[in-house]
Amino acid sequence: MPRLGILAWPAWVLCDVADSLVRTVFSGLSVLRIEGVEDAGDTVVVRASTRDGAVACPSCGTPTEKVHALHERIPADVPIDGRRVLLRVRVRRMRCRSGTCARKTFREQVPGVLERYQRRTVRLTEQLRAIVAELVGRASARVLPAVGISAGRDTAIRTLLGITLPDRPVPRVLGIDDFALRRSHEYATVRKPGVQPN
Ligand SMILES: [Zn+2]
(Lines give C-alpha, C1' and ligand atoms only; values in the text may rest on other atoms or scores of the structure.)
Protein backbone atom coordinates (compact mmCIF):
# COMPACT_ATOMS: atom_id res chain seq x y z
CA MET A 1 0.00 0.00 0.00
CA PRO A 2 1.55 3.33 -1.00
CA ARG A 3 2.43 5.66 1.84
CA LEU A 4 1.20 9.23 1.72
CA GLY A 5 4.00 11.72 2.06
CA ILE A 6 3.62 15.11 3.71
CA LEU A 7 2.41 17.54 1.09
CA ALA A 8 4.33 20.76 0.75
CA TRP A 9 1.77 23.33 -0.30
CA PRO A 10 3.05 26.01 -2.67
CA ALA A 11 3.14 29.53 -1.20
CA TRP A 12 0.36 30.84 -3.46
CA VAL A 13 -2.02 28.13 -2.15
CA LEU A 14 -1.23 29.08 1.46
CA CYS A 15 -1.77 32.76 0.64
CA ASP A 16 -5.11 31.91 -0.96
CA VAL A 17 -6.15 29.89 2.10
CA ALA A 18 -5.10 32.72 4.46
CA ASP A 19 -7.00 35.28 2.37
CA SER A 20 -10.20 33.26 2.28
CA LEU A 21 -9.88 32.50 6.03
CA VAL A 22 -9.57 36.21 6.83
CA ARG A 23 -12.51 37.03 4.54
CA THR A 24 -14.66 34.35 6.19
CA VAL A 25 -13.78 35.08 9.83
CA PHE A 26 -14.00 38.85 9.41
CA SER A 27 -16.89 38.97 6.94
CA GLY A 28 -18.64 41.46 9.24
CA LEU A 29 -15.76 43.88 8.68
CA SER A 30 -15.91 43.73 4.89
CA VAL A 31 -16.25 47.52 4.62
CA LEU A 32 -12.67 47.68 5.92
CA ARG A 33 -9.46 46.50 4.29
CA ILE A 34 -7.92 43.85 6.56
CA GLU A 35 -4.15 44.28 6.45
CA GLY A 36 -2.97 41.77 9.00
CA VAL A 37 -3.86 39.56 11.95
CA GLU A 38 -1.48 39.20 14.90
CA ASP A 39 -1.55 36.64 17.67
CA ALA A 40 -0.86 38.59 20.87
CA GLY A 41 -1.51 35.80 23.38
CA ASP A 42 -4.84 36.48 25.10
CA THR A 43 -5.73 38.95 22.37
CA VAL A 44 -5.99 38.77 18.60
CA VAL A 45 -5.05 42.08 16.98
CA VAL A 46 -6.53 42.84 13.59
CA ARG A 47 -4.94 45.67 11.62
CA ALA A 48 -7.31 47.31 9.16
CA SER A 49 -7.91 50.52 7.32
CA THR A 50 -10.81 52.21 5.61
CA ARG A 51 -10.99 51.79 1.86
CA ASP A 52 -9.80 54.55 -0.42
CA GLY A 53 -12.33 56.66 -2.20
CA ALA A 54 -14.26 59.88 -1.89
CA VAL A 55 -16.23 60.71 1.25
CA ALA A 56 -19.04 63.26 1.44
CA CYS A 57 -18.50 66.17 3.81
CA PRO A 58 -21.06 65.81 6.65
CA SER A 59 -21.77 69.58 6.53
CA CYS A 60 -22.10 70.44 2.84
CA GLY A 61 -22.14 67.02 1.14
CA THR A 62 -19.26 67.80 -1.24
CA PRO A 63 -17.34 64.60 -1.99
CA THR A 64 -13.64 64.77 -1.27
CA GLU A 65 -10.63 62.48 -1.62
CA LYS A 66 -8.22 64.92 0.01
CA VAL A 67 -6.64 63.32 3.08
CA HIS A 68 -5.67 65.80 5.80
CA ALA A 69 -4.31 63.28 8.35
CA LEU A 70 -4.52 59.66 9.45
CA HIS A 71 -5.76 58.51 12.85
CA GLU A 72 -5.91 55.18 14.55
CA ARG A 73 -8.94 53.87 16.44
CA ILE A 74 -8.61 50.76 18.59
CA PRO A 75 -12.07 49.34 19.32
CA ALA A 76 -12.70 45.86 20.69
CA ASP A 77 -14.48 43.45 18.35
CA VAL A 78 -16.35 40.18 18.85
CA PRO A 79 -14.15 37.41 20.30
CA ILE A 80 -12.55 34.74 18.15
CA ASP A 81 -11.40 31.39 19.48
CA GLY A 82 -12.47 32.52 22.99
CA ARG A 83 -9.98 35.37 22.85
CA ARG A 84 -10.45 39.13 22.86
CA VAL A 85 -10.15 40.86 19.52
CA LEU A 86 -8.81 44.37 19.15
CA LEU A 87 -9.08 46.23 15.86
CA ARG A 88 -6.44 48.77 15.00
CA VAL A 89 -8.26 50.73 12.32
CA ARG A 90 -6.61 53.51 10.41
CA VAL A 91 -9.20 56.14 9.52
CA ARG A 92 -8.71 59.28 7.47
CA ARG A 93 -9.34 62.87 8.41
CA MET A 94 -10.54 64.44 5.20
CA ARG A 95 -10.32 68.02 3.99
CA CYS A 96 -13.52 69.52 2.55
CA ARG A 97 -13.01 70.81 -1.03
CA SER A 98 -15.72 73.46 -0.83
CA GLY A 99 -14.30 76.93 -0.32
CA THR A 100 -17.48 78.14 1.40
CA CYS A 101 -17.97 75.26 3.86
CA ALA A 102 -17.46 76.12 7.54
CA ARG A 103 -16.08 72.64 8.20
CA LYS A 104 -12.49 72.50 7.05
CA THR A 105 -11.74 68.88 7.99
CA PHE A 106 -13.73 65.91 9.25
CA ARG A 107 -13.03 62.36 10.33
CA GLU A 108 -14.53 59.68 8.08
CA GLN A 109 -16.98 57.31 9.72
CA VAL A 110 -17.34 53.54 9.35
CA PRO A 111 -21.12 53.05 9.43
CA GLY A 112 -22.33 49.68 10.64
CA VAL A 113 -18.94 48.84 12.16
CA LEU A 114 -17.84 51.75 14.32
CA GLU A 115 -19.98 54.41 15.91
CA ARG A 116 -18.58 57.79 16.84
CA TYR A 117 -16.60 57.81 20.12
CA GLN A 118 -17.32 54.10 20.81
CA ARG A 119 -14.59 51.76 22.08
CA ARG A 120 -16.44 48.69 20.78
CA THR A 121 -17.60 47.72 17.31
CA VAL A 122 -21.33 47.81 16.63
CA ARG A 123 -21.55 44.01 16.52
CA LEU A 124 -19.70 43.61 19.84
CA THR A 125 -22.06 46.12 21.46
CA GLU A 126 -25.00 44.09 20.12
CA GLN A 127 -23.56 40.89 21.63
CA LEU A 128 -22.92 42.65 24.91
CA ARG A 129 -26.50 43.96 25.01
CA ALA A 130 -27.95 40.51 24.31
CA ILE A 131 -25.97 38.91 27.15
CA VAL A 132 -26.59 41.74 29.61
CA ALA A 133 -30.32 41.79 28.83
CA GLU A 134 -30.58 38.05 29.53
CA LEU A 135 -28.45 37.99 32.66
CA VAL A 136 -29.27 41.45 34.01
CA GLY A 137 -26.19 43.36 35.10
CA ARG A 138 -24.16 41.73 37.86
CA ALA A 139 -24.38 38.11 36.64
CA SER A 140 -23.36 39.14 33.12
CA ALA A 141 -20.19 40.78 34.45
CA ARG A 142 -19.11 37.32 35.67
CA VAL A 143 -20.02 35.55 32.41
CA LEU A 144 -18.64 38.05 29.86
CA PRO A 145 -14.89 37.39 30.49
CA ALA A 146 -15.54 33.65 30.04
CA VAL A 147 -16.79 34.27 26.50
CA GLY A 148 -13.92 36.61 25.65
CA ILE A 149 -15.67 39.95 26.16
CA SER A 150 -13.91 42.40 28.43
CA ALA A 151 -16.55 44.38 30.30
CA GLY A 152 -16.90 45.04 34.02
CA ARG A 153 -20.01 45.42 36.15
CA ASP A 154 -20.30 49.16 35.48
CA THR A 155 -20.20 48.60 31.71
CA ALA A 156 -22.79 45.83 32.03
CA ILE A 157 -25.15 48.10 33.97
CA ARG A 158 -24.52 51.05 31.62
CA THR A 159 -25.25 48.81 28.63
CA LEU A 160 -28.41 47.51 30.29
CA LEU A 161 -29.65 51.03 30.95
CA GLY A 162 -28.85 52.03 27.36
CA ILE A 163 -31.01 49.33 25.74
CA THR A 164 -34.02 50.85 24.03
CA LEU A 165 -37.22 49.17 25.10
CA PRO A 166 -39.52 47.99 22.29
CA ASP A 167 -42.45 50.24 21.53
CA ARG A 168 -45.59 48.57 22.84
CA PRO A 169 -48.93 50.03 21.79
CA VAL A 170 -50.69 51.85 24.61
CA PRO A 171 -54.03 50.06 25.17
CA ARG A 172 -57.05 52.16 24.36
CA VAL A 173 -59.10 50.32 26.98
CA LEU A 174 -57.75 48.72 30.15
CA GLY A 175 -59.78 46.16 32.06
CA ILE A 176 -59.13 45.96 35.83
CA ASP A 177 -60.43 43.20 38.07
CA ASP A 178 -59.72 41.87 41.55
CA PHE A 179 -59.40 38.24 42.46
CA ALA A 180 -58.78 36.38 45.71
CA LEU A 181 -55.45 34.69 46.38
CA ARG A 182 -56.89 33.61 49.78
CA ARG A 183 -60.53 34.49 50.23
CA SER A 184 -61.11 37.19 52.87
CA HIS A 185 -57.36 37.53 53.41
CA GLU A 186 -55.41 38.33 50.29
CA TYR A 187 -56.54 39.84 46.97
CA ALA A 188 -54.71 40.79 43.81
CA THR A 189 -55.49 42.90 40.79
CA VAL A 190 -55.32 41.85 37.16
CA ARG A 191 -55.04 44.36 34.34
CA LYS A 192 -55.93 43.30 30.85
CA PRO A 193 -55.56 45.53 27.80
CA GLY A 194 -58.27 45.61 25.16
CA VAL A 195 -61.22 44.55 27.33
CA GLN A 196 -64.34 46.52 26.48
CA PRO A 197 -66.25 48.02 29.45
CA ASN A 198 -69.64 46.55 30.31
ZN1 LIG B 1 -17.97 70.76 3.55
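I will try to describe carefully the structure that is included in this document. None of these values were measured; they are calculated from a predicted model.

**Comments concerning the overall build of the protein**
Link 1 in the chain: Helices and strands together make up the secondary structure of the protein, namely four helices and ten strands.
Link 2 in the chain: Each helix (α) and strand (β) of the protein, taken in turn from the N terminus, gives the series α-β-β-β-β-β-β-β-β-α-α-α-β-β.
Link 3 in the chain: Evaluated residue by residue, the protein yields a buried proportion of 15% over its 198 residues.
Link 4 in the chain: The long-range share in the protein, meaning contacts at least 24 apart out of those at least 6 apart in sequence, stands at 47%.

**Re the nonpolar core**
Link 1 in the chain: Grouped together as the largest cluster of nonpolar side chains are 19 residues, with contacts concentrated most on Leu-32, Val-46, Ala-48, Val-85, Val-89 and Val-113.
Link 2 in the chain: Looking at this core, the elements that each hand over two or more residues are β2 (43-50), β6 (76-80), β7 (83-95) and α2 (122-135).
Link 3 in the chain: Per-domain counts for this core show at least three residues from each of domain 1 (11-119) and domain 2 (120-167).
Link 4 in the chain: Not counting residues within four places of it along the chain, the set of residues in contact with Val-89 comprises Leu-32, Ala-48, Ser-49, Glu-72, Arg-73 and Leu-114.

**Remarks on the environment of Pro-79**
Link 1 in the chain: By secondary structure assignment, the location of Pro-79 is in strand β6.
Link 2 in the chain: Judged by the 18 C-beta atoms lying within 10 Å of it, Pro-79 is partly exposed.
Link 3 in the chain: With 36 residues separating them along the chain, Pro-79 and Thr-43 place their C-alpha atoms 8.8 Å apart.

**Details of the pairing of β7**
Link 1 in the chain: Of the strand pairs in this sheet, β2 and β7 are connected by seven bridges, and their pairing is parallel. Across the sheet, the residue bridging to Ser-49 is Arg-90, located in β7.
Link 2 in the chain: Two strands pair when backbone bridges link them, and strand β5 (residues 67-73) and β7 are joined in this way by six bridges, in the antiparallel orientation. Looking across to β7, one finds that Arg-73 is bridged to Val-89.
Link 3 in the chain: Examined bridge by bridge, β6 and β7 share three bridges and lie antiparallel to one another. By the bridge assignment, Ile-80 is partnered in β7 with Arg-83.
Link 4 in the chain: The antiparallel hairpin formed by β6 and β7 contains two residues in its connecting segment, where Asp-81 sits at a positive phi of about 60 degrees.

**A word on the environment of Val-113**
Link 1 in the chain: Note on placement: Val-113 falls in the loop between β8 (105-107) and α2.
Link 2 in the chain: As a C-alpha pair, Val-113 and Ser-30 span 83 residues in sequence and 9.4 Å in three-dimensional space.
Link 3 in the chain: Once residues lying within four places of it in the same chain are set aside, the contact partners of Val-113 are Leu-29, Val-31, Leu-32, Thr-121 and Val-122.

About the thresholds
Residues numbered from 1 in each chain as written. Predicted model: local features only at pLDDT ≥ 70, side-chain atom pairs only at ≥ 80, totals over all residues. Helix = DSSP H or I, 4+ residues; strand = E, 2+ residues; numbered from the N terminus. Buried ≥ 20, exposed ≤ 12 C-beta atoms within 10 Å, placed from the backbone. Contact = placed C-beta atoms within 7 Å. Core = buried A, V, L, I, M, F, W, Y, C linked by C-beta atoms within 7 Å. Domains from an automatic or database assignment. Pairing = 2+ DSSP bridges.

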